[in-house]
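Here is what each chain is made of, one letter per residue.
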Amino acid sequence: ESLGDILWVGNIVLNEWAYFVTIIAIIAGMNAVNMTDGIHGLAGGNSLITFLAIVFLSKDLDWHFQTSVLISLLFCAVLPIFLIHNLCLGVDKTKRIFMGDAGSMLIGLTIAWVLIDLSQGENRMFAPVTALWLFAMPLIEMVSAVVRRLTLGKSPFDADLNHTHHIILRLGIREKYTLLLMLSVSLLMAVTGILGARYEVAEWTMFSGFLIVFLAYLVWIRWAIRKINNNTELSD
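Residues numbered from 1 in each chain as written. Predicted model: local features only at pLDDT ≥ 70, side-chain atom pairs only at ≥ 80, totals over all residues. Heavy atoms only, no water.

Glancing now at the overall build of the chain. Secondary structure assignment for the chain yields 9 helices and 2 strands. Reading the secondary structure of the chain in the N-to-C direction produces β-β-α-α-α-α-α-α-α-α-α. Since a compact globule built from 236 residues should have a radius of gyration of about 18 Å, the 18 Å found for the chain is in line with a globular shape. Across the 236 residues of the chain, 43% fall into the buried class. Considering only contacts within the chain whose residues lie at least 6 apart along the sequence, 69% involve residues at least 24 apart. Total accessible area computed for the chain in this model is approximately 13,100 Å², and 66% of it derives from carbon and sulfur atoms. Looking at charge distribution, the chain has the averaged site of its 15 positive side-chain charges lying 13 Å from that of its 18 negative ones. (Helix = DSSP H or I, 4+ residues; strand = E, 2+ residues; numbered from the N terminus. Rg over C-alpha atoms; globule rule 2.2 N^0.38 Å. Buried < 20%, exposed > 50% of the residue type's maximum accessible area, 1.4 Å probe, protein only. Contact = heavy atoms within 4.5 Å. Areas by Shrake-Rupley, 256 points an atom, 1.4 Å probe, with all protein chains shown as cover. Lys, Arg positive; Asp, Glu negative; His and termini not counted. Charge placed at Lys NZ, Arg CZ, Asp CG, Glu CD.)

As structure tokens, then:
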């Protein structure tokens with residue numbers, strides 16, 4: 001229904017555009033989780049951080065009858081068990097389980113629905129811009145991948161090996177450290193969203209900060225890809 005006051009011009013009401021923006025948001029959420037499912041634990045870890053942040057923001061509210069928060073709490077219970085078996089933490093590697101496209105898209109759909117539900121209406125739990133911070137890493141990854149593919153004249157749905165985790169791995173960082181690094185950044189951004197909501201930071205300020213982070217990511221990913229290409233040429 002609304003994007004909030006993200007441009008410092010007052011509350012941006014979508015009116016007849018609400019259905020279209022909602023559909024785009026749901027598709028984006030589903031694909032965002034799917035695109036981060038490239039190394040063990042990443043999609044599940046990012047999703048767990050998002051659900052934990054939602055539950056944390058709701059802890060001082062009367063949320064017991066809110067379906068969205070209860071669903072988030074359910075995923076907070078389920079995802080750690082999945083991560084134990086996905087990362088084989090004390091589990092035989094022959095018994096490793098995977099999320100798959102069905103799992104990642106179900107989680108993405110759930111996250112999108114919960115964030116939309118809790119950020120809209122008069123009794124909303126948090127501002128729409130807070131939802132961006134709680135789900136920041138997958139969203140930034142998805143948008144940058146789509147932009148990159150479109151600028152190269154490719155379909156935005158074509159798979160490639162230029163996702164963030166691929167780039168970090170090609171820079172020589174081991175997979176487990178890549179996972180820890182990306183989850184740490186995801187947690188940091190979720191905490192930023194929580195603090196912004198708790199201290200009632202202006203929505204346009206939070207949105208400006210998110211754009212700055214996104215631009216910084218684009219600069220870094222471009223530098224990293226260039227460095228990898230230069231190293232490849234030198235090795236040849």
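Having seen the structure, we can now continue with the description.
Turning our eyes to something else, we now look at the nonpolar core. In terms of nonpolar packing, the biggest core is built from 58 residues, with I107, L115, F126 and L134 touching the most fellow members. When near neighbours in sequence (up to four residues on either side) are disregarded, L115 contacts I54, F126, A131, L134 and F135. (Core = buried A, V, L, I, M, F, W, Y, C linked by side-chain atoms within 4.5 Å.)

This part takes up the packing of helix α6 (residues 136–151) against helix α8 (residues 175–198). Close contact between α6 and α8 brings their axes to 8 Å; oriented N to C, the two are set at 110 degrees. As the angle between them shows, α6 and α8 are arranged roughly perpendicular. In contact with A136, M137 and I140 of α6, α8 contributes M182, V185, S186 and M189. Among the residues making up the contact of α6 with α8, the classes are represented as 6 nonpolar, 1 polar and no charged. (Axes fitted to C-alpha atoms, helices over the stretch in contact; angles between N-to-C directions. Parallel < 35°, antiparallel > 145°, perpendicular 65-115°, else oblique. Nonpolar A, V, L, I, M, F, W, Y, C, P; charged D, E, K, R; others polar.)

What follows concerns helix α4 (residues 100–118). Here α4 contains 19 residues, and its C-alpha end-to-end distance of 27 Å stays within 8% of the 27 Å for a straight helix at 1.5 Å per residue. Within α4, burial applies to G103, S104, I107, G108, T110, I111, A112, V114, L115 and L118. In this structure, the buried residues of α4 make contact with α1 (18–35), α2 (42–57), α3 (67–86) and α5 (128–134). (Expected span 1.5 Å × (residues − 1).)

Let's shift gears to α2. Helix length check: α2 (16 residues) gives 23 Å between terminal C-alpha atoms against 22 Å at 1.5 Å per residue, within 8%. The buried fraction of α2 is high, at 14 of 16 residues.

On to the packing of aromatic side chains, then. Within this structure, the stated rule accounts for 5 aromatic pairs. When the ring of W8 is compared with that of W204, the centres are 4.4 Å apart and the planes differ by 15 degrees; the resulting orientation is stacked. In this pair, W8 is assigned in the loop between β1 (2–4) and β2 (12–13) and W204 in helix α9 (residues 203–235), connecting sequence segments 196 residues apart. Residue class for W204 comes out partly exposed when judged on its relative accessible area of 28%. On the basis of an interplanar angle of 80 degrees and a centroid distance of 5.7 Å, the ring pair of W133 and F210 is categorised as edge-to-face. (Phe/Tyr/Trp six-rings, centres within 6.5 Å; stacked < 30°, edge-to-face > 60°.)

A contiguous nonpolar patch, built from I173, Y177, L180, L181 and V185 and spanning about 410 Å² of accessible area, is present on the exposed surface. By the secondary structure assignment, I173 is in the loop between α7 (164–170) and α8. Residue classification places I173 among the partly exposed residues on the basis of a relative accessible area of 33%. (Patch = residues over 30% accessible without salt bridge, like charges linked within 9 Å, V, L, I, M, F, W, Y side chains within 5 Å. Salt bridge = Lys/Arg side-chain N within 4 Å of Asp/Glu carboxyl O.)

Here we take up the side chain of T110. Its location among the elements puts T110 in helix α4. Setting aside residues up to four positions removed in sequence, T110 forms contacts with F51, I71 and F75.

Here we take up unusual backbone geometry. Phi at C88 takes a positive value of approximately 55 degrees, unusual for a residue other than glycine. Locating C88 in the fold gives a position in the loop between α3 and α4. Backbone geometry at E200 places phi at a positive 55 degrees, although glycine is not the residue there. Relative to the helices and strands, E200 is located in the loop between α8 and α9.

Turning our attention to the packing of α2 against α4. Packing of α2 against α4 leaves a shortest axis separation of 11 Å and a crossing angle of 25 degrees. The pairing of α2 with α4 is recorded here as roughly parallel in orientation. Considering the relative orientation of α2 and α4, their crossing is left-handed. Across the interface between the two elements, S47, T50, F51 and I54 from α2 touch I107, T110, I111, V114, L115 and L118 from α4. In terms of residue class, the contact of α2 with α4 is built from 7 nonpolar, 3 polar and no charged. (Left-handed = near helix turned anticlockwise from the far one by under 90°.)

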